[in-house]
Amino acid sequence: MPPLSTLTYHSIAEAQMLPRLVRLGPNLYGAVFTLMKLVPAEYILRRAIERGELEDDAVIVETTSGTFGLALAMQAALMERELILVSDPAIDDNMHRRLADLGAKVEMCTVPAPVGGYQGARLQRLAEIRAGLPSTYCPEQYSNPDNPRSYALVAEQLSRTLGTVDCLIGTVGTAGSMVGTVRGLREHTPHTLAVGVDSHRSVLFGQPDGPRTLRGLGNSLWPPNLDHTVFDEIHWCSAAEAFAQTRALHAQHALFQGPTSGAAHLVAQWYAANHPDQLCVVMLPDEGYRYQATVYDDKWLAAEGYLLAERPTEPVTVGSPAEADDHWTRLVWGRRSYEEVPGVVPRARQTVQERALS
């Protein structure tokens, strides 16, 4: 029987923070999270208290349509803090009910902004809420450097448990998890490769902005935490491809994860098979319970046109983002800055807030 200290936690959030490491292939491990966003949520709030930025009477406010809001709601409930979340129609009814049950107030933006879509609209409403309250604290997950810093904990776990990690594969949204974990790994192994997974019509790696069904990765705005020079390869995949791989991950490995995990695993299993001399880790961000009526429902997939006759086995390699089509596509990024990559959509480097509120 292991000592009691290894079996007990101070809270359910602490118990769910670090991933389980599961072997998915001869040279591929999955970092399987219950809720990955607990890592930055806990770290950001703790550091804000330590620095005196989160005052006793301050209301925590943030913009989110995904699991960072749930992570904040869990932490705020444990801290007995008031929390206001600004979201959009991407949030599902089950998530909305859970947030309310945790005591969070959720404000919905139903009309996208001309610049930045729903994310821009949410940031505008967030600014209005903050202006009307005497004391607030915003974690600012897109721009707060404590977001990527928090993942040093994950990098330490991977290095301690697996030794040398030759390649990390994961989705990119706010960019915190991939940028932070890769930086942490490279403190020990500078050669560690970073393979980012994005969605088509996301601006992060040079495609023009457009409507996206696949959520939890990609972005309509450019988060300041995104460091393009971290990445060696970028892959874009479609919603149908990610959904199919999510189901395969469940069927083959009994891992009940969301579609961001499916997108990451689609790329990771191909990459690991083509680099058998490398030890690879894929980040699998959260569980699949939010998607039981959608991704895990064949009738919904068929009705929405997401059923594939067969899953793709390899990507099409292109020389620039401009060449990417609606299917799984790969670009050798080569740790270049955004401006150094040919075919990217030209843009000035601005913060999310500046672009959304201008």
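The rules behind these values
- Residues numbered from 1 in each chain as written.
- Predicted model: local features only at pLDDT ≥ 70, side-chain atom pairs only at ≥ 80, totals over all residues.
- Heavy atoms only, no water.
- Pairing = 2+ DSSP bridges.
- Helix = DSSP H or I, 4+ residues; strand = E, 2+ residues; numbered from the N terminus.
- Axes fitted to C-alpha atoms, helices over the stretch in contact; angles between N-to-C directions.
- Contact = heavy atoms within 4.5 Å.
- Buried < 20%, exposed > 50% of the residue type's maximum accessible area, 1.4 Å probe, protein only.
- Right-handed = clockwise from strand over helix to strand, strands pointing away.
- Core = buried A, V, L, I, M, F, W, Y, C linked by side-chain atoms within 4.5 Å.
- Expected span 1.5 Å × (residues − 1).
- Disulfide = S-S within 2.5 Å.
- Parallel < 35°, antiparallel > 145°, perpendicular 65-115°, else oblique.
- Left-handed = near helix turned anticlockwise from the far one by under 90°.
- Nonpolar A, V, L, I, M, F, W, Y, C, P; charged D, E, K, R; others polar.

Section: the sheet that holds strand β9 (residues 233-237)
Two strands in a sheet stick together by hydrogen bonds in their backbones, pointing the same way (parallel) or opposite ways (antiparallel).
Next up, step 1: What the 8 strands build is an open sheet, ordered β1-β2-β10-β7-β8-β9-β12-β11; its pairing is mixed. The open sheet has two edge strands, β1 (20-25) and β11 (316-318), and neither has a second partner. In this sheet, adjacent strand axes meet at a mean angle of 25° when their direction is disregarded.
Next up, step 2: Relative to strand β12 (residues 329-332), β9 is paired through 4 bridges, and the arrangement is antiparallel. If you follow E233 over to β12, its bridge partner there is V332.
Next up, step 3: Packing against the sheet, helix α7 (residues 152-162) makes contact with β1, β2 (28-32), β7 (167-171) and β10 (280-284), and its axis sits at approximately 60° to β1.
Next up, step 4: Sheet strands in contact with helix α8 (residues 176-186) are β7, β8 (193-199) and β10, and its direction is about 170° off that of β7.

A word on the environment of A77
Next up, step 1: Considering the arrangement of structural elements, one finds A77 in helix α3 (residues 67-79).
Next up, step 2: Of the residues examined, A77 reaches a relative accessible area of 36% and is grouped as partly exposed.
Next up, step 3: Each C-alpha atom, one on A77 and one on D101, is 9.6 Å from the other, the two residues being 24 residues apart in sequence.

A look at the pairing of β8
Next up, step 1: Where burial is concerned, most of β8 is hidden: 6 out of the 7 residues are buried.
Next up, step 2: The pairing of β7 with β8 spans 5 bridges and is classified as parallel. By the bridge assignment, I169 is partnered in β8 with V195.
Next up, step 3: Viewed along the sheet, the connection from β7 through α8 into β8 turns out right-handed.
Next up, step 4: Two strands pair when backbone bridges link them, and β8 and β9 are joined in this way by 5 bridges, in the parallel orientation.

Let's talk about the sheet that holds strand β3 (residues 59-63)
Next up, step 1: One open sheet accounts for 4 strands, arranged β5-β4-β3-β6; its pairing is parallel. One side of each edge strand has no neighbouring strand; the edge strands of this open sheet are β5 (105-108) and β6 (136-137).

Quick look at the nonpolar core
Next up, step 1: Among the nonpolar cores identified, the biggest contains 61 residues, and L99, F205, F231 and W333 are the most heavily contacted of them.
Next up, step 2: A total of 7 residues in this core trace back to one element, the largest contributor, which is α3.
Next up, step 3: What W333 contacts, discounting residues up to four positions off in sequence, is F205, H228, F231, D232, E233, I234, Y338, V341 and V344.
Next up, step 4: Membership of the second largest hydrophobic core comes to 34 residues, among which are L266, C280, V282 and Y291.

Some thoughts on the pairing of β2
Next up, step 1: Among the 5 residues in β2, 5 count as buried, and that is most of the element.
Next up, step 2: Here β2 shows two buried faces, one formed by L28, G30 and V32 and the other by Y29 and A31.
Next up, step 3: Strand direction decides the pairing type here: β1 and β2, joined by 5 bridges, are antiparallel. Residue V22 lies in a different strand from β2, and its bridge partner there is G30.
Next up, step 4: If you look at the hairpin formed by β1 and β2, you'll find 2 residues sitting between the two strands.
Next up, step 5: Here β2 pairs with β10 via 5 bridges, running parallel. Paired with Y29 across the two strands is V281, which belongs to β10.

Considering helix α2 (residues 38-50)
Next up, step 1: In this model α2 runs 18 Å from its N-terminal to its C-terminal C-alpha over 13 residues, within 8% of the 18 Å that 1.5 Å per residue would give.
Next up, step 2: G52 sits one or two positions beyond α2 and adopts a positive phi of about 80°.

Some words on helix α5 (residues 117-131)
Next up, step 1: Taking 1.5 Å as the rise per residue, α5 with 15 residues should run 21 Å; its terminal C-alpha atoms sit 22 Å apart, in good agreement.
Next up, step 2: When we look at burial in α5, the residues that qualify are G117, Q119, G120, A121, R122, L123, L126 and I129.

Description of the state of the cysteines
Next up, step 1: Taken as a whole and assessed by the stated rule, the structure comprises 0 disulfides.
Next up, step 2: Distance from the sulfur of C109, which forms no disulfide, to the nearest cysteine sulfur (C138) is 13 Å.
Next up, step 3: The cysteine C237 is free of any disulfide, with C167 supplying the nearest cysteine sulfur at 16 Å.
Next up, step 4: Its relative accessible area of 2% is what places C237 among the buried residues.

A few points about the packing of α3 against helix α4 (residues 93-101)
Next up, step 1: Two elements in contact, α3 and α4, have axes separated by 9 Å at closest approach and are oriented at 20°. As far as their axial angle goes, α4 and α3 are roughly parallel. Pair α3 / α4 crosses with left-handed handedness. Seen from α3, the contacting residues are T67, G69, L70, A73 and M74; seen from α4, they are M95, R98 and L99.
Next up, step 2: Its residues assigned to classes, the contact of α3 with α4 comprises 5 nonpolar, 2 polar and 1 charged.

It is worth stressing that arrangement in space is one thing and function is another; only the former is reported here.
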